[in-house]
Amino acid sequence: MIYAMSDIHGCIGELQKNMEQVDLGGDNRIVFCGDYIDYGDSSYYVLKYLWDLHGF
């Protein structure tokens, strides 16, 4: 299965809540389609979360 997510806009709480619905086991993947930062107060934490998720 391939998941897609976009329009995060610096909202780490919503990102974490949505990621609870995602199963990245097996061959499952997620594609983030932009708009990671901007309106929300947590742009740094969104980028850090995505960075850590990728395993860097």
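Refer to the structure presented above.
This is a predicted model, so every value here is computed, not measured.

Novice: For the layout of surface pockets, give the residues involved together with the corresponding values.
Specialist: Space inside the largest pocket adds up to approximately 190 Å³. Among the secondary structure elements, those contributing two or more residues to the lining of the largest pocket are β2 (29-32) and α2 (43-54). With 5 residues, the top contributor of residues to the lining of the largest pocket is α2. Taken together, the residues of the lining of the largest pocket break down into 7 nonpolar, 1 polar and 1 charged.

Novice: So what's going on with the nonpolar core? Which residues, and what values?
Specialist: Ranked by size, the top nonpolar core spans 11 residues in total: Tyr 3, Met 5, Ile 8, Ile 12, Leu 15, Met 19, Val 22, Ile 30, Phe 32, Val 46 and Leu 50. Those elements that place two or more of their residues in this core are β1 (2-5), α1 (12-19), β2 and α2. In this view, Phe 32 contacts Met 5, Ile 8, Leu 15, Met 19, Leu 50 and Leu 53; residues no more than four positions away in its chain are not counted.

The rules behind each value
Residues numbered from 1 in each chain as written. Predicted model: local features only at pLDDT ≥ 70, side-chain atom pairs only at ≥ 80, totals over all residues. Heavy atoms only, no water. 1 Å grid on protein atoms, 1.4 Å probe; cavity = no way out; pocket = protein on both sides within 12 Å on 5 of 7 lines; lining within 4 Å. Points joined across faces, edges and corners; volume = space filled by probe spheres on them. Helix = DSSP H or I, 4+ residues; strand = E, 2+ residues; numbered from the N terminus. Nonpolar A, V, L, I, M, F, W, Y, C, P; charged D, E, K, R; others polar. Core = buried A, V, L, I, M, F, W, Y, C linked by side-chain atoms within 4.5 Å. Buried < 20%, exposed > 50% of the residue type's maximum accessible area, 1.4 Å probe, protein only. Contact = heavy atoms within 4.5 Å.

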